[in-house]
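A closer look at the structure
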Amino acid sequence: MSAVVTVLGATGSLGRSAADVLAAHPDRFRVEAVVGGRDAPALAAAARALGARFAAIADPNAHDALRAALAGSGIASGSGESAVLEAVARPADIVVAGIAGTAGVRPTHAAVSLGRIVALANKECLVCAGHAFMRDAASAGATVLPVDSEHNAILQALGRHEAAEVERMILTASGGPFRTWTRERIATATLQEALAHPNWSMGAKVTIDSATLMNKGLELVEAHHLFGVPVEVLGVVVHAQSIVHGLVSFCDGSVVAGLANPDMRVPLAHCLGFPDRIATPVKRLDLAAIGRLDFEEPDLDRFPALRLAQASLAAGGGAPTILNAANEIAVEAFLQGRIGLFGIPALVERVVERMHGRNDPSPPASVEEALALDAEARARAREELLAVNSLH
Ligand code: MG
C-alpha cells in the first residue's frame, strides 16, 4: 500500500527536492495535495508532475492563473489560507512541511494536530513556537521528523537511544562564505558575497542566516525542542566541507555521526521512507576523494549572531521567539541594502534586550501566542531600524 503525501511549499527549493524523491518512487507514494505561495505556473507543474488531487495557492490573486494552468488536468484548486488548511486537512500519512517562514507555522501546526507524520523543514514552528508545537504534536500522536540536514543526522545517529544516554549533541556549521574572513572584511561584505554559499543552494533568507551563523543558532533552538535536551548538551563545530552534518556523543564515550554529501534529497528520503531506507540518485560519498574533513571552533567574535542565539536559548521564555522575529526583519533590511552584515546581530540584540526583560519567563503557551509575540517583535524591530539608520 502506498503512503499518501501532501507537500507544503511545493514550489520552493525544498519542495522541488521532495518532488524529486517522490517521483522516483511512484509505487510507494501517492500525492494528495500540493501547496505553494504565489508561483501559479510552478505549482501547477508540480501538481501535474506528482499527480496531486488538489493544489492550494496561498496568494488569492494567483488563483486565476493557477486555475488556467491546471485546466484539463482534473486537479482541484483553491486559494488563500482556508485552501492551504484544506490541503492539510485532506487525508494523508505524511506531510512535507516546506513552507518557509512564519507563513508555515499554522499549516504545519494543523498537520501535527491531526497526528500526521511531518517531515519538518519549516524552522519557525520550532524557533518561534517550539514549546507549544512539540507539546501539541505529542498530544496528537504526531511524528515530527526533521528534514534539516543537521537534525536529521542527529536523529539518525541517536537511533533508539534516549536523551538520558546522550552527553553531547553537536551540529556542524559550514561557516558560510565568510568563514576565513576578518571581522573588518565581513563588516563590508556585499549582498552578492553573502549570497554565495560554498556548499548549499538555498533560499536568500537562510543563505544570509548561514553567512552570519544565525542559522546555526536557530538550529540549536530547534534541536532543543526536537530532542528535548538542554542548551548545555548542544554544541556547534565549524566543518567547512559539510559532509558530517551532526554528531551524538553518548555516555559511554562513543560518538555516532551522520555523513552525506550536502543534498537535501538525502534527509528528505530518510523522512519519507522512515523507518525504511529508500533509494535516491544523489552523488555517493567518496571519503578518499574528499581526502580530509576539517573541524574548528566557531568564532563568536566574528559571528556574534551565534552567541546571541545561544544566549536567547539559555534565557528561555519568549527570547528565542523574539530573536527569530527580529532576525527576519534584520535580514530583510540587509537584503534591501539598508544595513550591513553586522547590522543584523546589532538589531537583533537591541530588540531582544528591549523586549525580553519584561516578558514572562515561560515560553508562549500556544502557537497563537507565539505568533502574536513574533508580530510584536517584528514591529519593534522595524521601529528600531527606523530609529537607527546607521547600524552596520
Ligand atoms: Mg541546516
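Refer to the structure printed above.
Structural notes, computed from the coordinates. In this text the structure is predicted, and so the values were computed from the model without any measurement. (Residues numbered from 1 in each chain as written. Predicted model: local features only at pLDDT ≥ 70, side-chain atom pairs only at ≥ 80, totals over all residues. Heavy atoms only, no water.)

1. Digging into the packing of aromatic side chains
Two aromatic rings are characterised by how far apart their centres lie and by the angle between their planes. Under the defined criterion, the tally for this structure stands at one aromatic pair. Ring centres of Phe-178 and Trp-181 lie 4.5 Å apart, and the angle between their planes is 50°; this geometry places the pair in the tilted category. As far as the burial class goes, Phe-178 and Trp-181 line up, both buried. The ring of Phe-342 has Arg-183 sitting right over it, with the charged end atom 4.2 Å from the ring centre. When the ring centre of Trp-181 is taken as reference, the NZ or CZ atom of Arg-185 above it lies at 3.7 Å. (Phe/Tyr/Trp six-rings, centres within 6.5 Å; stacked < 30°, edge-to-face > 60°. Buried < 20%, exposed > 50% of the residue type's maximum accessible area, 1.4 Å probe, protein only. Lys NZ or Arg CZ within 6 Å of the ring centre and 35° of its normal.)

2. Here's the deal with the layout of surface pockets
Empty pockets left among the atoms are what a rolling probe the size of a water molecule brings to light. Roughly 260 Å³ of internal volume is contained in the second largest pocket. What lines the second largest pocket is a set of 14 residues, and nearest its centre among them are Val-266, Ile-278, Thr-280, Val-282 and Arg-284. Here the lining of the second largest pocket takes three residues from helix H13 (residues 265-273), the largest share from any one element. (1 Å grid on protein atoms, 1.4 Å probe; cavity = no way out; pocket = protein on both sides within 12 Å on 5 of 7 lines; lining within 4 Å. Points joined across faces, edges and corners; volume = space filled by probe spheres on them. Helix = DSSP H or I, 4+ residues; strand = E, 2+ residues; numbered from the N terminus.)

3. A look at the coordination of the magnesium ion
Only Asp-148 (OD), Glu-150 (OE) and Glu-219 (OE) from the protein reach the magnesium ion as donors, at distances of 2.1 to 2.3 Å. Counting along the primary sequence, the residues that act as donors to the magnesium ion give the motif D-x1-E-x68-E. With Asp-148 in the loop between strand E7 (143-146) and helix H8 (149-158) and Glu-219 in helix H12 (residues 214-227), the pair connects residues that are 71 residues apart, well separated along the chain. For the residue pair Asp-148 and Glu-219, the accessibility class agrees, reading buried in each case. (Donors = N, O, S within 2.8 Å, 3.2 Å for Na, K, Ca; no water.)

4. Describing the side chain of Arg-116
Within the fold, Arg-116 resides in the loop between helix H5 (105-113) and strand E6 (117-120). One buried charged residue, Arg-116, remains without a salt bridge, the closest side chain of opposite sign being Asp-93 at 7.3 Å. Reaching out from Arg-116, the side chain makes a polar contact with the backbone oxygen of Ala-92 at a distance of 3.3 Å. (Lys, Arg positive; Asp, Glu negative; His and termini not counted. Salt bridge = Lys/Arg side-chain N within 4 Å of Asp/Glu carboxyl O. Polar contact = N/O pair within 3.5 Å; in protein donor to acceptor, adjacent residues only side chain to side chain.)

5. Remarks on a nonpolar patch on the surface
A contiguous nonpolar patch, built from Leu-259, Leu-285 and Leu-287 and spanning about 230 Å² of accessible area, is present on the exposed surface. Relative to the assigned elements, Leu-285 resides in the loop between H13 and helix H14 (287-290). Accessibility expressed as a relative area gives 31% for Leu-285, which makes it partly exposed. (Patch = residues over 30% accessible without salt bridge, like charges linked within 9 Å, V, L, I, M, F, W, Y side chains within 5 Å. Areas by Shrake-Rupley, 256 points an atom, 1.4 Å probe, with all protein chains shown as cover.)

6. Here we look at the packing of helix H16 (residues 319-335) against helix H17 (residues 343-356)
Axes are the key here: two packed helices are described by the angle between their axes and the distance separating the axes. For the pair H16 and H17, interaxial distance at closest approach is 8 Å and the crossing angle is 145°. By crossing handedness, the relation of H16 to H17 is classed as right-handed. Counted together, Ala-319, Ile-322, Leu-323, Ala-326, Asn-327, Ala-330, Val-331 and Phe-334 of H16 and Ile-344, Leu-347, Val-348, Val-351, Val-352, Met-355 and His-356 of H17 form the full contact between these two elements. The residue makeup of the contact of H16 with H17, split by class, is 13 nonpolar, two polar and no charged. (Axes fitted to C-alpha atoms, helices over the stretch in contact; angles between N-to-C directions. Left-handed = near helix turned anticlockwise from the far one by under 90°. Contact = heavy atoms within 4.5 Å. Nonpolar A, V, L, I, M, F, W, Y, C, P; charged D, E, K, R; others polar.)

7. Some thoughts on the sheet that holds strand E10 (residues 244-250)
Read from one edge of the open sheet, four strands run E9-E8-E10-E11, paired in mixed fashion. Each edge of the open sheet is held by one strand with a lone partner, namely strand E9 (234-238) and strand E11 (255-259). Strand-to-strand twist in this sheet, taken as the mean axis angle between neighbours without regard to direction, amounts to 20°. Bridging between E10 and E11 involves five bridges; their strand directions are antiparallel. Following the sheet pairing, Leu-247 is matched in E11 by Ala-257. The sheet strands contacting H8 are strand E8 (166-173), E10 and E11, and the helix crosses E10 at an angle near 35°. Where H12 meets the sheet, its contacts fall on E8 and E9, and the angle it forms with E8 comes to roughly 145°. (Pairing = 2+ DSSP bridges.)

8. Describing the nonpolar core
Of all hydrophobic cores here, the largest spans 117 residues; its most connected members are Val-34, Val-96, Met-169, Phe-178, Phe-227 and Leu-272. If you look at the next biggest cluster of nonpolar residues, it comprises seven residues, including Ala-129, Ala-132, Val-367 and Leu-371. (Core = buried A, V, L, I, M, F, W, Y, C linked by side-chain atoms within 4.5 Å.)

9. Points about the pattern of salt bridges
Enumeration over the complete set of coordinates arrives at 26 salt bridges. Note that Glu-384 is salt-bridged to Arg-380, the shortest N-O span being 3.4 Å. With Glu-384 and Arg-380 both in helix H18 (residues 367-387), this residue pair falls four residues apart, about one helical turn. Each of Lys-123, Asp-148, Glu-150, Lys-216, Glu-219 and Glu-222 takes part in a single network of salt bridges with overlapping partners.

None of this, on its own, says anything about what the molecule does.
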